[in-house]
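# Examining the three-dimensional arrangement
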Amino acid sequence: MAHRVTLIPGDGTGPELTEATRRVLEATGVGFEWDVQQAGTGVMAANDGNPLPEHVLDSIRANGTALKGPITTPIGGGFRSVNVGLRKSLDLYAQVRPCKSYPGVRSRYASVDLIVVRENTEDLYAGVEFEEGTEDADELLDWLAGRGFDQIRRDSGISIKPLSETGTRQIVQFAFDYARRNGRRKVTAVHKANIMKFTDGLFLHVARDVAAENADIEFEDRIVDNLSMQLVQRPEEYDVLVLPNLYGDIVSDLCAGLIGGLGLAPGANFGQRTAVFEPTHGSAPKYTGQNKVNPMAMMLSGMLMLRHLDENAAAGRLERAIAEVIAEGKSVTYDMKPTRDDPTAVGTSGVADAIIEKLEVLP
């Protein structure tokens, strides 16, 4: 039977990446019934300024699985991130970002194989913010001053960082379950509990409690700044990292840098009943319509989707095909060439053509 999957092309370069990925997924021989839904800047005018219409969420809820292209998020203003909206609306509490070295990629590191598990719904990304100079901000500052926190400047914007025992237990247990299913050896909880005693401190003591219930997997913890240094020095010491939302966002990009960049960094978001797969990188709107951007992060996200759908043989073939194209170094985009102005670089669709050709001969 064909898998019914919500397909969200996105905006910017998203539609080009999505089309290339759709083609290689179908070339694996797995059957798909695509439920195409539009979200992002292009649908706002027709949906009262909403970049994430309710019918898109309904489609994902009905199908259970979605593949999404990147969507532009305004910086410093405008609507909130569609990605954050999806995660909150569907309670996609766990984000998985694998960071794996492939031979042929230009990088200072050759054998990185890390899994970043990021809590996706709490922390500073919960969106509890108070704009500087507003009545609400002034009222909150007065309340805080009355409880001894009078050192906060009156012209401050304020964000609140909630970390719950429920959310922490859920994400740490997810990390152990993921490690067990995928034959990983160790889970490392990442925090700043030495400074934030009641948020990161809670994250740490709950993580230790969950680790005691999963003693078949090795466990340790690291302070986030120390971890960042050690990842640069010796990434081979780490395996599965589990982090609160903000640290997970930052550290996953650091890990992507270890393997050659965001162009090779896939992502998956999991809830109890739904899963959304998307590349880690943004929409690169300045390259829209130029057939230029590297599609491999989205293709690798599609590979993760195949595994989620229990199409493991097809997932393995797709990953091997991508790895062979990378190793050959011929049919890759400009960012994977020795120089970015290399005239032999191919476009987004050319990468798809090369991977499909590999798939046709792989057993």
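Preceding this section is the structure that the text describes.
Below is a summary of the structure that appears in this document. (Residues numbered from 1 in each chain as written. Predicted model: local features only at pLDDT ≥ 70, side-chain atom pairs only at ≥ 80, totals over all residues. Heavy atoms only, no water.)

Time to look at the overall build of the protein. Helices and strands together make up the secondary structure of the protein, namely eleven helices and twelve strands. Counting across all 363 residues of the protein, residues that qualify as buried make up 55%. Sequence-distant contacts in the protein: of pairs separated by 6 or more residues, those separated by 24 or more amount to 75%. Of the roughly 16,300 Å² of accessible surface on the protein, 51% is carried by carbon and sulfur atoms. In the protein, 38 side chains carry a positive charge and 51 a negative one; their mean positions are 5 Å apart. (Helix = DSSP H or I, 4+ residues; strand = E, 2+ residues; numbered from the N terminus. Buried < 20%, exposed > 50% of the residue type's maximum accessible area, 1.4 Å probe, protein only. Contact = heavy atoms within 4.5 Å. Areas by Shrake-Rupley, 256 points an atom, 1.4 Å probe, with all protein chains shown as cover. Lys, Arg positive; Asp, Glu negative; His and termini not counted. Charge placed at Lys NZ, Arg CZ, Asp CG, Glu CD.)

Scanning the entire structure with this criterion turns up one cavity of 30 Å³ or more. In this model, the largest cavity occupies a volume close to 40 Å³. In terms of lining residues, the largest cavity is bounded by V84, R87, K88, R118, N120, T121, Y125 and N245. No other element matches the three residues that helix α3 (residues 82-89) contributes to the lining of the largest cavity. (1 Å grid on protein atoms, 1.4 Å probe; cavity = no way out; pocket = protein on both sides within 12 Å on 5 of 7 lines; lining within 4 Å. Points joined across faces, edges and corners; volume = space filled by probe spheres on them.)

Right, let's get into helix α7 (residues 224-233). Every buried residue of α7 is accounted for by V224, L227, Q230 and L231. For α7, the angular spread of the buried residues around the axis is 120°, confining them to a single face. Next to the buried residues of α7 lie β5 (113-119), β8 (186-191), β9 (218-223), β10 (240-243) and α8 (245-258). (Arc of directions from axis to C-beta.)

Close contact between helix α10 (residues 312-328) and helix α11 (residues 348-361) brings their axes to 9 Å; oriented N to C, the two are set at 120°. What the angle tells us is that α10 and α11 run oblique. Classified by chirality, the crossing of α11 by α10 is right-handed. Between α10 and α11, the contacting residues are R317, L318, A321, I322, E324, V325 and E328 on the first element and A354, I355, K358 and L359 on the second. Residue composition of the contact of α10 with α11, by class: seven nonpolar, no polar and four charged. (Axes fitted to C-alpha atoms, helices over the stretch in contact; angles between N-to-C directions. Parallel < 35°, antiparallel > 145°, perpendicular 65-115°, else oblique. Left-handed = near helix turned anticlockwise from the far one by under 90°. Nonpolar A, V, L, I, M, F, W, Y, C, P; charged D, E, K, R; others polar.)

By the criterion of burial, β8 is predominantly enclosed, with six of the six residues buried. Residues K186, T188 and V190 of β8 are buried on one face, and the alternating residues V187, A189 and H191, pointing to the opposite face, are buried as well. As paired elements, β8 and β9 share six bridges and run parallel to each other. Within the sheet, the bridge partner assigned to K186 lies in β9 and is E218. Following the backbone out of β8, through helix α6 (residues 200-212) and into the adjacent parallel β9, one traces a crossover that is right-handed. (Pairing = 2+ DSSP bridges. Right-handed = clockwise from strand over helix to strand, strands pointing away.)

On to the sheet that holds strand β12 (residues 275-279). Adjacent strands of a sheet form backbone hydrogen bonds with each other and so pair up, either parallel or antiparallel. Across the sheet, which stays open at both edges, the ten strands sit in the order β2-β1-β3-β12-β11-β4-β5-β10-β8-β9 with mixed pairing between neighbours. Either end of the sheet is taken by a strand with one partner, and the two such strands are β2 (32-36) and β9. Each neighbouring strand pair of the sheet contributes to a mean axis angle of 25°, computed without reference to strand direction. Sheet topology note: the strand β1 (residues 3-8)/strand β3 (residues 65-68) ladder contains three bridges and is parallel.

Purely geometric numbers; function is a separate question.
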